[in-house]
Structure formats: structure tokens, C-alpha cells
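# Working through the structure, step by step
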Amino acid sequence: MSTPQFSVRLADCEADILAAQRLRYQVFVSELGADGPLVDHQNKLERDSFDVHSKHLLLIDETSAQVVGVYRLLDAEGAKAAGQFYSESEYDLSLLKASKRKLLELGRSCLHPDYRGGTGVFALWSALAAYVAEQGVELLFGVASFHGADIKKLAAPLSLLHHRHLAPENLRVTALGDPQQPMDLISELKLDRKAAMLEMPALIKAYLRLGGVVGEGAYIDHAFNTTDVCLVLDTEVMNSKHRKLYERRV
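I will try to describe carefully the structure that is included in this document. All of these numbers come straight from a predicted model, not from anything done at the bench.

How each quantity is defined
- Residues numbered from 1 in each chain as written.
- Predicted model: local features only at pLDDT ≥ 70, side-chain atom pairs only at ≥ 80, totals over all residues.
- Heavy atoms only, no water.
- Helix = DSSP H or I, 4+ residues; strand = E, 2+ residues; numbered from the N terminus.
- Buried < 20%, exposed > 50% of the residue type's maximum accessible area, 1.4 Å probe, protein only.
- 1 Å grid on protein atoms, 1.4 Å probe; cavity = no way out; pocket = protein on both sides within 12 Å on 5 of 7 lines; lining within 4 Å.
- Points joined across faces, edges and corners; volume = space filled by probe spheres on them.
- Nonpolar A, V, L, I, M, F, W, Y, C, P; charged D, E, K, R; others polar.

### Quick look at the environment of Ala 127
Within the secondary structure layout, Ala 127 lies in helix H4 (residues 120-135). Ala 127 sits 70 residues away from Leu 57 along the chain, and the two C-alpha atoms are 8.5 Å apart.

What follows is the structure in C-alpha cells.
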């Protein structure tokens, strides 16, 4: 495969959104076994009721003109039109909504399998950082997922998130559920932090490198066959850390 040349832009037509939904179907449905009431299996589109109220950031390989990465962006105005943020079905976001800071929810992030671990994700994050700065966003948040719903298998990375990356109290959203699924499953003294980090999904590690923190508790999403955590990222911290990462690459 030739070296890809990337561009990143917001979707601006129905064809763009369909391309995003088609990639999401490949990753979330075909690869990870997700489903939902609006998933179109016949046309292989992963979609839901929040898509129409969101913006869709597209990573495009210009050598093939294919959409190979996506991010869904939902601001407060879009959430109001949708009736809520997507994450509110899993987490109590009262603290974030009461903060009076400008919010942006990130969701449905995925990359085509051939583009994981390369420079594509950095291009996507750079474009996201530029959008955040342009829009004056102060807090980013959204659910990020571990594949599978077997908590015992995820005990180490969930415990690491709880012990080392728990959000400060003023930003500590809490998982819904009766009962709430705790993340402090292994004591910090008994936790092998290096091994736990190796089990961490790449997207969550990227958030952590940029200063992300997590809410209290996990949420098991049976429809998507995932265990979710809610990540919160102050954009001032993100921009500072992103600049340092960029300086290392140039």
C-alpha cells in the first residue's frame, strides 16, 4: 500500500455522512458485534438518532479518496435539539452541564483497521484541536470503550484508570446503573500498572496522553458489547500536551 496522504474536514453532504456511517458499521458492527435500533444492516450503515444533530469529522486518505477515520462532534445546541447528549444514557453529566464552560461531546470515534497505529490518528487529533480552538470549546468529554462486557477480564485497566486517572471532584461524572459498576477492582498495591496499560485501548491511551481523566464507575453497554468509561478533557491541558507531542514529531 502506498504511503497515505491525509486530509481532515467536516462532513458537508449526505454522501459524507453515509461514508462515516459505513466505516462505523465496518468497525462497530462487523468487527465488534454492535447493534442498535437504527442500524441499517442491508446497506451496512451504523447510525442513530444523534447523527442528524452532530458534526462529523472525517479523516480521508487522499491517495484513495476513502474515509478512513471519523469523529462525531455534538455541542450543547445539538444536544438540546436531540434531547440530551449521547453520554447521558450512561453517565450523570450534571457537573459538566453546571460548570458554565463550553462543552463538546466526542463520540463514535473509529479508524479503518489498515490505518490504526499510524499517522492518521495524529492528523485527526490535530484537526480536532484546531476545531476546538476555533469554537472556543473548554471541556471535551465522551464515552470510550473496552471491547467486551466481562468485567473480570478488564479489572486491571479499569483499576488503573480509577487509581491514577480519576477526574477531580468538580468534573467527576458518575456512571448510571443499578448498581453502578465500580472500577476499583484491584487495589493499587497489587496492580501491575505496566501490564494494565498494555491492556488499555489505543483511543483511551491517546486521551490519557493529552491529559484526559475518567468519571466514577464504568457502564456496560450490552447493545455494543462494550464496557464504557467516560473521559473528560480540559482543552487547556489538551492543547499544552498536544503542542509538546507535535514538537517531538517535527
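Past the structure itself, the notes keep going.
### Quick word on unusual backbone geometry
Across the chain, the bulk of peptide bonds are trans and the bulk of non-glycine residues have phi less than zero. Of note, Ala 65 is a non-glycine position whose phi angle comes to about 60 degrees, a positive value. Tracing the backbone shows Ala 65 in the loop between strand E2 (55-61) and strand E3 (66-75). Judged by its relative accessible area of 58%, Ala 65 is exposed. For Arg 108, which is not glycine, the phi torsion reads 50 degrees and is therefore positive. Mapped onto the secondary structure, Arg 108 falls in strand E5 (residues 103-111).

### Considering the layout of surface pockets
Within this model, the largest pocket holds a volume of roughly 1200 Å³. In this structure, the largest pocket is lined by 45 residues; those nearest its centre are Ser 109, Pro 201, Ala 202, Leu 203 and Ile 204. Counting residues per element, the lining of the largest pocket draws most heavily on E5, which supplies 7 residues. Here the residues of the lining of the largest pocket are counted per class, giving 27 nonpolar, 8 polar and 10 charged. Here the second largest pocket defines a volume of roughly 310 Å³. Forming the boundary of the second largest pocket are 19 residues, of which Pro 37, Asp 48, Tyr 86, Arg 108 and Phe 224 lie nearest the centre.

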